[in-house]
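Here is how the chains run, residue by residue.
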Amino acid sequence: MSIVLYNTKTKKKDVFVPLIPGQVSMYVCGVTVYDDCHLGHARSALTFDMIRRYFEFAGYQVKYVRNFTDIDDKILNRAKQEDVPWHDISERYIQNFYRDMGALGITKPTAEPRATEHMQDILNMIEGLEKNGIAYQLEGDVYFSVKKFALYGQLSGKNLEELQAGARVEVDTRKQDPMDFALWKAAKQGEPGWDSPWGKGRPGWHIECSAMSVAELGPTFDIHGGGKDLIFPHHENEIAQSCAYTGKEFARYWVHNGFVTVDKEKMSKSLGNFFTIREILDKSSVSDSEAIIGECLRYYLLSTHYRSDLNFSEQSLPEAKSAMDTIYGLIQRLEEPGVQEQPAGEGDLESILKQFSHKFHESMDDDFNSPKALAVFHQLRGEINKLLVKGVSKETKGKILEIFKKYGEPLGIFQIDLRDWKFGIVPTVKSTIEHTSKVSLTIKLVDPTEEWIEQQIQLRNEARAQKDFSTADTIRKELAEQGIILEDRPDGTTRWKR
RNA sequence: GGCGCCGUACCCAAGUGGUUAAGGGAGCAGUCUGCAAAACUGCGAUUCAGCGGUUCGACCCCGCUCGGCGCCUCCA
């Protein structure tokens, strides 16, 4: 089966045919490291992590490049504010980025170039553009002449006349055309600068991605990704620069993810309606619940198609958690040794698993339809639960368990060891005021030892045996207050979970 | 002003020119249970913002209207 993906360039779903059979080369715009990343950044990283994982699941070898913009006005401003060297800022937020992505189970790309490490590539490209007559110098700055690139506007569906008509930017009158964008910016007093043919300066934002993608993946590569807010002007500019420089096709498939919104509005710094990954994770009172919240966030983000916007609200995480609990509950039952179960319900297993695999691939092959894939998981859950009621052998349970782990892998869910999963916690996020980042996330948790829990259960079951139900109920209630949930089995034994 | 996206049950959310319109959360009822919990079973949109059109047939295609949002400035 072939994978089909929506290509912004052609505005339709295209069958994916890689440049080199069996391999995928992909470049994704990373973050500018001047602050902690929020859910919106996480969504982009997660979308392409899922795409990468699924390609690998489908047998491709993936070259995945995601950059860091580590020199930029925002970084310089922040450094000025804090009165620290600019690279302290970028280094700090690169580390924070890793920490947050780690919690979300986002795997590291195969290469993570930083703009400052590719200064020579950037300079070469600008010089090349200047030689081609498509870039011009202006008092130490270098600009790209948009009019000289005929295909400008093709990706975003904009044309120059309309852009000019609607331009609300204050026009730099020195530029040949208001739409021309900076390739190189001359360093102002006190600002860091790199030597160049035009004097000390630093690269413009757009050229970095062109230079780094071409340096890492060559002039033409398969997929270029990013948030849909980057389509114009960032990706439009990248195409112009790269094609004008190499004379070859740039990215073959353009993939863009939708926004995370709050009250239907795009989550962003300027509106102040953002939730950082850190503030969500930090509220977790028990250290090892971070992975759980991470998976819940992942499940939540994957429960909407990557191209749609999704609205973050107070119920988002609790709903994801409840849905995941049902599957981890099944995993728990599958891991139990079981009581004298005669395998009576295994007859349909083969066809159930075959169906599942087929539907899973069908969903993901169709433009990475993760919400559909999750639905397929829940359908499997129902089928397996029915089988378990009838009785299933230990070997079969193990086999099913492997399926959940294996197919959960491309989505990055159901990967937590059962003993670390906590059924009792409910991550609740409360946004008190509209358009602010006020978050109160409460996770009620305590951590009684397993021995103590087993002991309590034994006491309770002794009471139950003597029909002393009030004592039994008291014990159950006390355990419940500690986040321990009891489930009595038909044979008189008791299962517990946190 | 230009370009574009979205509106599916109480909430979240897939989807197709003819299907029983997935799945999750919440809810209700039943089975099971000492009671619970879990699991299972059943109920829940005769309908896909509204109105027209195309069609043998549209929620899906086209047009308009209403409502929401995005890009055009840094933005994942």
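Reading the values: the criteria
Residues numbered from 1 in each chain as written. Chains lettered and ligands numbered in written order. Predicted model: local features only at pLDDT ≥ 70, side-chain atom pairs only at ≥ 80, totals over all residues. Heavy atoms only, no water. Core = buried A, V, L, I, M, F, W, Y, C linked by side-chain atoms within 4.5 Å. Buried < 20%, exposed > 50% of the residue type's maximum accessible area, 1.4 Å probe, protein only. Domains from an automatic or database assignment. Contact = heavy atoms within 4.5 Å. 1 Å grid on protein atoms, 1.4 Å probe; cavity = no way out; pocket = protein on both sides within 12 Å on 5 of 7 lines; lining within 4 Å. Points joined across faces, edges and corners; volume = space filled by probe spheres on them. Helix = DSSP H or I, 4+ residues; strand = E, 2+ residues; numbered from the N terminus. Nonpolar A, V, L, I, M, F, W, Y, C, P; charged D, E, K, R; others polar. Pairing = 2+ DSSP bridges. Salt bridge = Lys/Arg side-chain N within 4 Å of Asp/Glu carboxyl O. Axes fitted to C-alpha atoms, helices over the stretch in contact; angles between N-to-C directions. Polar contact = N/O pair within 3.5 Å; in protein donor to acceptor, adjacent residues only side chain to side chain. Near = heavy atom within 4 Å. pLDDT = per-residue confidence, 0-100. Phe/Tyr/Trp six-rings, centres within 6.5 Å; stacked < 30°, edge-to-face > 60°. Lys NZ or Arg CZ within 6 Å of the ring centre and 35° of its normal. Expected span 1.5 Å × (residues − 1).

**Student:** Got a minute to help me understand the nonpolar core in this structure?
**Tutor:** Inside soluble globular proteins, nonpolar side chains tend to come together where they are buried. Counting 140 residues, the largest nonpolar core has F55, F144 and L411 as its most contacted members. The residues that make up this core include at least three from each of domain 1 (4-257) and domain 2 (288-427). F144 has contacts with L129, I134, A135, F149, D180, F181, L183, A240, Q241 and A244, leaving out every residue within four places of it along the chain. Counting seven residues, the second largest nonpolar core, distinct from the first, contains I453, L479, L486 and W496.

**Student:** Explain empty space enclosed by the protein here, please?
**Tutor:** Going through the model one piece at a time under the given rule, you end up with two cavities of 30 Å³ or more. Approximately 50 Å³ is the volume attributed to the largest cavity. Every residue along the wall of the largest cavity is listed here: R43, L46, T47, M50, L301, L302, T304, Y306 and S370. Looking at the lining of the largest cavity, the elements that each hand over two or more residues are α1 (39-57) and α9 (290-302). Element by element, the count of residues in the lining of the largest cavity is highest for α1, at four residues. Considering only residue class, the lining of the largest cavity consists of five nonpolar, three polar and one charged. The two domains that each donate at least three residues to the lining of the largest cavity are domain 1 (4-257) and domain 2 (288-427).

**Student:** Could you clarify how one ought to interpret the sheet that holds strand β13 (residues 310-311) in this entry?
**Tutor:** Sheet strands associate in pairs through backbone hydrogen bonding, adopting either a parallel or an antiparallel arrangement. Strand order across the open sheet formed by three strands is β12-β11-β13, with mixed pairing between neighbours. Of all the strands in the sheet, the pair left with one neighbour each is β12 (265-266) and β13. The pairing of strand β11 (residues 260-262) with β13 spans two bridges and is parallel. The residue of β13 that forms the bridge with V260 is L310.

**Student:** Looking at this structure, how should I read unusual backbone geometry?
**Tutor:** Cis peptide bonds are those with omega within 30 degrees of zero, and the linkage from F232 to P233 qualifies with 0°. Its location among the elements puts P233 in helix α7 (residues 231-246). Despite not being glycine, D263 shows a phi value in the positive range, around 50°. Structurally, the position occupied by D263 is in the loop between β11 and β12. Here the phi dihedral of K467 falls at roughly 60°; this positive angle occurs in a residue that is not glycine. Checked against the element boundaries, K467 lands in the loop between α14 (450-465) and α15 (469-481).

**Student:** Please explain the pattern of salt bridges as it appears in this structure.
**Tutor:** Any two side chains of opposite charge can pair, so long as their charged atoms come close to each other. What the rule picks out here adds up to 37 salt bridges. A salt bridge links E82 to R78; its shortest N-O distance comes to 3.0 Å. Taken together, the residues span about one helical turn, with E82 and R78 both in helix α2 (residues 73-82) at a distance of four residues. Residue classification places E82 among the partly exposed positions, given a relative accessible area of 30%.

**Student:** So what exactly am I meant to see when it comes to the sheet that holds strand β7 (residues 181-186) here?
**Tutor:** A sheet is described by the order of its strands in space; here four strands give the open sequence β5-β6-β7-β8, paired in antiparallel fashion. Every interior strand has two partners, whereas the edge strands, β5 (135-138) and β8 (201-203), have only one. Between one strand and the next, the sheet's axes are offset by a mean angle of 20°, whatever the strand orientation. Here strand β6 (residues 141-144) runs beside β7; their pairing, made up of three bridges, is antiparallel. The partner of F144 across the bridge, within β7, is F181. Along the sheet, helix α4 (residues 119-131) makes contact with β5, β6, β7 and β8, crossing β7 at roughly 120°.

**Student:** I would appreciate a short explanation of the domain arrangement of chain A in the present structure.
**Tutor:** A common way to state how big an interface is: give the accessible area lost once the parts meet. The domain boundaries assigned to chain A delineate domain 1 (4-257), domain 2 (288-427) and domain 3 (450-497). Between domain 1 and domain 3, the C-alpha centre-to-centre distance is 58 Å.

**Student:** What should I look at first to understand the side chain of R495 in this one?
**Tutor:** Its place among the elements puts R495 in strand β17 (residues 494-497). There is a polar contact of 2.6 Å between the side chain of R495 and the side chain of E336.

**Student:** Which parts of the structure should I look at to understand the protein's contact with RNA strand B?
**Tutor:** Looking at RNA strand B, there are 57 residues lining it, with E162, W205, G227, L230 and R476 nearest. For RNA strand B, the backbone portion of the atoms within 4 Å of the protein, that is sugar and phosphate, comes to 63%. Contacts to RNA strand B include K386, whose side-chain N or O atom sits 3.0 Å from a phosphate oxygen. At a separation of 3.4 Å, a base oxygen of RNA strand B approaches a polar side-chain atom of R464. Looking at the surface near RNA strand B element by element, the count peaks at ten residues for helix α12 (residues 370-390).

**Student:** Explanation requested: the pairing of β17 in the structure shown.
**Tutor:** The side chains of a regular strand alternate between the sheet's two faces. Alternating positions in β17 separate into two faces, T494 and W496 on one and R495 and K497 on the other, with burial throughout. As paired elements, strand β16 (residues 485-488) and β17 share four bridges and run antiparallel to each other. For D488, the partnering residue across the bridge sits in β17 and is T494. Hairpin connection of β16 to β17: five residues between the antiparallel strands, including G492 at a positive phi of 95°.

**Student:** Would you mind showing me how to read the confidence of the model for chain A here?
**Tutor:** Regions with low pLDDT carry predicted coordinates that are not meant to be interpreted in detail. Here chain A averages 90 in pLDDT, and 92% of its residues register 70 or above. Segment residues 432-446 is flagged for pLDDT under 50; beyond a separation of four residues in sequence, or across chains, it makes 45 contacts in the model.

**Student:** What is the right way to look at the packing of aromatic side chains in this model?
**Tutor:** Under the defined criterion, the tally for this structure stands at 32 aromatic pairs. Here Y328 and F414 contribute two aromatic rings whose centre-to-centre distance is 6.1 Å and whose plane-to-plane angle is 70°, an arrangement assigned as edge-to-face. Residue Y328 is found in helix α10 (residues 316-335), and its partner F414 is found in the loop between α13 (394-408) and β14 (428-431); the two are separated by 86 residues along the sequence. In terms of burial, Y328 and F414 fall into one category: buried. A cation over a ring is seen here: K158 above F232, with NZ or CZ 5.5 Å from the ring centre.

**Student:** I tried to follow α9 on my own but got confused; where do I start?
**Tutor:** Each full turn of the α-helix corresponds to 3.6 residues, which orients residues three or four apart in the same direction. The end-to-end C-alpha distance of α9, which contains 13 residues, comes to 18 Å, matching closely the 18 Å that a straight helix rising 1.5 Å per residue would cover. Counting buried residues along α9, eleven of its 13 residues qualify, which places the element largely inside the surrounding structure. Listed in full, the buried residues belonging to α9 are I292, I293, G294, E295, C296, L297, R298, Y299, Y300, L301 and L302.

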